[in-house]
Amino acid sequence: SMAEGAGAGPRLAELLAAGRRLWEEVETGAEPSSGAPAVQDKVRQGLEALQRAAAMVAQLDLFSENEELEEIASADLKYLLLPALLGALTLKQVDLSRRLEHLESARAHFWRFLKLCRSYRLGSFHLPPAAASPPAEEDAGSPSPGGPAASQPSLVAMASSRQAKIERYKQKKELENRLASMRTFVESGQADEDQIREFYILQIQKWINTSLEEIESIDQEMVILRSRGTAKQPSAPPHGTSRQVRAPLKPFILTRDAAQAKVFGAGYPGLPTMTVDDWYEQRRRQGVVSGQSVPQRAPGITDEELQKQQQEKKEEEEDEEALQKARNWDDWKDTHPRGYGNRQNVG
């Protein structure tokens, strides 16, 4: 293959293998927290290896938009996965102050991967827009086109995207089963070129599904982060009052129980999961959820500030409620097949 011909083969292959191994270790890791230093070290090393590999692939000009899939050497097919792996590892970074930047960068990697797959006609899918459009700021106050109303998905669109999701899920399961049964065969060196080729193409198709899902959840998280960013920054409290400042809520997935937490954790590697009980416990420790809903007035706090605190609490609850509604809808969709409730045409 061309890569080997350029004398970069083994080194390039090693970089990809190392980056990929590190990603798999982080993804299936036993560490309870993705923020653990050991895990974040792996994330950094993995990103470094994959970035060096990607730079070499670009230098070697391995792939081009106007080339046919058949023209790619079987041994080089695996390098198509680089941007997808880069996107996945980018999401594993935990620095919250740079979360938006990481989301944008991960999205760009996934998008580049999808665009490349499109040009080689690997899989049929709609390419999402190149960048996540931030909500238009100038007309935020009016419900003009492009205002909040325009961004509400229609029920029809939701139903069809639900159908697409079910299809994607089925395909994904099928792909994973086929990959699992081929993996040992390919890795033991018994596979012939056609089988190796099929194995890589299946992997690419699996990552197409993953990339589409990740872009969707990245876009949702960006909307939440951006709306938080545009919300009024609380002004510093007047001198002499020590108002307890609460840490901002990290994005996470709220689940009913531990079993569900496992399932959701697998699908959204970027977000920790938390059961409802955990959540209450955590909020209780932070002194948020208590028996009284009436805010306790700390000494030296003015009426105006108390009002502001109540307003902030209300906004946060509304945020939380919107999130919960979206989750309940998702839960409902997961347990009710499409067409549930259409009973007129039975028998």
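What you are looking at is a predicted structure, and each value in this text was computed from that prediction instead of being measured.

**Q** How should I be thinking about helix α6 (residues 155-187) in this particular structure?
**A** In an α-helix there are 3.6 residues to a turn, and that puts residues three or four apart on one side. Helix length check: α6, at 33 residues, gives a terminal C-alpha distance of 46 Å against a target of 48 Å (1.5 Å per residue), a fit within 8%. Along α6, the largest kink reaches about 30 degrees and is centred on S181. Against α7 (193-230) and α10 (303-335) lie the buried residues of α6.

**Q** Explanation requested: the side chain of K172 in the structure shown.
**A** Here K172 lies in helix α6. Residue class for K172 comes out buried when judged on its relative accessible area of 19%. A distance of 3.3 Å separates polar atoms of two side chains, one belonging to K172 and the other to E213. In contact with K172, other than residues within four places in its own chain, are N209 and E213.

**Q** Would you explain the packing of aromatic side chains in this entry?
**A** Where two aromatic rings form a pair, the distance of their centres and the angle of their planes describe that pair. The full count for this structure, using the stated rule, is 3 aromatic pairs. Stacked on the ring of F125, the Lys or Arg R118 has its end atom at 5.4 Å from the ring centre.

**Q** Whenever I open this one, the pattern of salt bridges confuses me. Can you help?
**A** Opposite charge on two side chains makes pairing possible when the charged atoms of those side chains draw close. All told, the structure shown has 19 salt bridges when counted by the stated rule. A salt bridge links E24 to R20; its shortest N-O distance comes to 3.9 Å. Pair noted here: E24 and R20 are both in helix α2 (residues 9-27), with a separation of 4 residues, about one helical turn. We note a salt bridge from E65 to K115, for which the minimum N-O separation is 3.4 Å. You can see E65 sitting in the loop between α3 (37-60) and α4 (82-90) and its partner K115 sitting in helix α5 (residues 99-119), a full 50 residues away along the chain. For E65, a relative accessible area of 46% translates into the label partly exposed. We classify K115 as partly exposed; its relative accessible area is 32%. Here the salt bridges do not stand alone but share partners, grouping R21, E25 and K42 into one network.

**Q** Teacher, can you tell me more about α3 here?
**A** For α3, with 24 residues, the first-to-last C-alpha span of 35 Å sits near the 34 Å given by 1.5 Å per residue. Taken together, the buried positions of α3 are occupied by V39, Q40, V43, G46, L47, A49, L50, A53, M56, V57 and L60. One or two positions beyond α3, positive phi appears at D61, with a value near 60 degrees.

**Q** Explanation requested: unusual backbone geometry in the structure shown.
**A** Peptide bonds are mostly trans, and most non-glycine residues show a negative phi. Its identity is not glycine, yet D61 carries a phi of approximately 60 degrees, on the positive side. Following the sequence through the fold, D61 ends up in the loop between α3 and α4. Given a relative accessible area of 53%, D61 falls into the exposed group. Its identity is not glycine, yet R121 carries a phi of approximately 55 degrees, on the positive side. Summarising the element assignment, R121 is placed in the loop between α5 and α6.

What counts as what
- Residues numbered from 1 in each chain as written.
- Predicted model: local features only at pLDDT ≥ 70, side-chain atom pairs only at ≥ 80, totals over all residues.
- Heavy atoms only, no water.
- Helix = DSSP H or I, 4+ residues; strand = E, 2+ residues; numbered from the N terminus.
- Expected span 1.5 Å × (residues − 1).
- Bend = angle between axes of the 7 residues up to and from the residue.
- Contact = heavy atoms within 4.5 Å.
- Buried < 20%, exposed > 50% of the residue type's maximum accessible area, 1.4 Å probe, protein only.
- Polar contact = N/O pair within 3.5 Å; in protein donor to acceptor, adjacent residues only side chain to side chain.
- Phe/Tyr/Trp six-rings, centres within 6.5 Å; stacked < 30°, edge-to-face > 60°.
- Lys NZ or Arg CZ within 6 Å of the ring centre and 35° of its normal.
- Salt bridge = Lys/Arg side-chain N within 4 Å of Asp/Glu carboxyl O.

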